[in-house]
Amino acid sequence: MIKLPWNMCFNAVFLCQKYDILRKITEDGKGENMFDQLEIIENRYEQLNELLSDPDVVSDPDKLREYSKEQSDLQKTVDVFREYKNYKETMEESKEMLHETDDKEMLDMLKEEISDSEKHIPELEEQLKLLLLPKDPNDDKNVIIEIRGAAGGDEAQIFAGDLFRMYSRYAENNGWKTEVVEANASDHGGYKEISFMIQGHGAFSRLKYENGAHRVQRVPETESSGRIHTSTATVAVLPEVEDVEMDIRNEDLKIDTYRSSGAGGQHVNTTDSAVRITHIPTGVVVTSQDEKSQIKNRERARKVLNARIYDLMQQEAEAEYAEQRKSAVGTGDRSERIRTYNYPQSRVTDHRIGLTIQKLDQIIEGRLDDIIDALIIEEQTSKLEELNNATI
């Protein structure tokens, strides 16, 4: 386990963020069941409405941002809970009125209202269970993805390039922006390694499931005998972390500048625009040379550095609390083989959930939603089962 030398109790911070809502609705012994919890959430929502009208809060940008975000996070839960209560109230009132009238038209209307309520109430209860599940605090963030060719030599590096193109297309399909931070191109195509940022609301919530080892089975272009090769590339998915979220001291950083270079050592420019940042306490090193501007390269390198150190601490925290937050899907160990792309059979298999799709050509073009949606459903189902088991 890595011991971080700076004064930052990350484990506690991470878990408090991740389970913030559950902490609020269960403190002081409150919230004995789901509906008690929902009442507390609704009360907190109303309290936030009042706070957001308070002149002291309106004049404080930090408090205004904090309370606005919390209210936004609770909005969907409160809306569904109020809809649920309306149906419950309508059903109870209609049942009482059934015994108070002999009018056939009124009876038919009351029975229809009861039937409609009985149909919607269970559906809304399931929605509420999902909404009460702890939300990953990183879900709304931009994402930094790092791809490296692993086993398989040149073919693995070509495959790394295919994965980069797949994620770039997926980002484009969602209206997100892709920016390359650092790329080490292979002589035969593809990349030995490439780091890039995808900027878009909710990018991390969709792409975090890509973390792990990806395997490809196909006949390489350089294979004259037609033999199928198996190669792998690793994908690391990190949430973008702002400076204000990290306690990294400038004196712990070693910053070097040098001339950017492309394949074969050809200089991209004659100025020292490339940047290398080393975080001395952890030994994490990040470089950026894709931009001609040293300032822009420094900004990008710092974003990747923040993300890598945050990820380092997150892995430590998750290892310590592994039993408390087990998931059938999770975000995957990077050494774990999560998916196979079989070209001869046009088949993609996600090994975590046993999902096989015969649409390799579409998936490699960035149409990943079928896989990602299935992974999200599996994770939500697993968490609901844990929640139900815990309340039995």
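Residues numbered from 1 in each chain as written. Predicted model: local features only at pLDDT ≥ 70, side-chain atom pairs only at ≥ 80, totals over all residues. Heavy atoms only, no water.

Identification of the protein as Peptide chain release factor 1 from Lacicoccus qingdaonensis is taken from an unreviewed UniProt entry. According to UniProt, the comment filed for the protein under the heading Function (unreviewed entry) is "Peptide chain release factor 1 directs the termination of translation in response to the peptide chain termination codons UAG and UAA." Reading the Sequence similarities (unreviewed entry) entry of the UniProt record for the protein gives the comment "Belongs to the prokaryotic/mitochondrial release factor family." (UniProt positions renumbered as here; feature names shortened; annotations may be inferred.)

1. Some remarks on the nonpolar core
Counting residues in each nonpolar core, the largest one holds 35 residues, and the members touching the most others are I145, I147, Y167, I198 and Y341. Counting only elements with at least two residues in this core, the list comes to strand 1 (143-149), helix 7 (154-173), strand 3 (191-199), helix 8 (203-207), strand 5 (229-239), helix 10 (360-363) and helix 11 (369-391). Discounting residues that sit within four places of it in the chain, I198 has contacts with N142, V143, I145, Y167, A171, W176, K177, T178, A203 and L207. With 20 residues, the next largest nonpolar core counts V78, F81, I114 and L128 among its residues. (Core = buried A, V, L, I, M, F, W, Y, C linked by side-chain atoms within 4.5 Å. Buried < 20%, exposed > 50% of the residue type's maximum accessible area, 1.4 Å probe, protein only. Helix = DSSP H or I, 4+ residues; strand = E, 2+ residues; numbered from the N terminus. Contact = heavy atoms within 4.5 Å.)

2. Some details on the pairing of strand 4 (residues 212-218)
Of all seven residues in strand 4, seven are buried; the element is thus mostly enclosed. Note: strand 4 against strand 5, seven bridges, orientation antiparallel. Its bridge partner being in strand 5, R218 is matched across the sheet by H229. Pairing geometry for strand 4 and strand 9 (residues 337-342), over five bridges, is parallel. Each residue of the ladder has a partner; that of R215, found in strand 9, is T340. (Pairing = 2+ DSSP bridges.)

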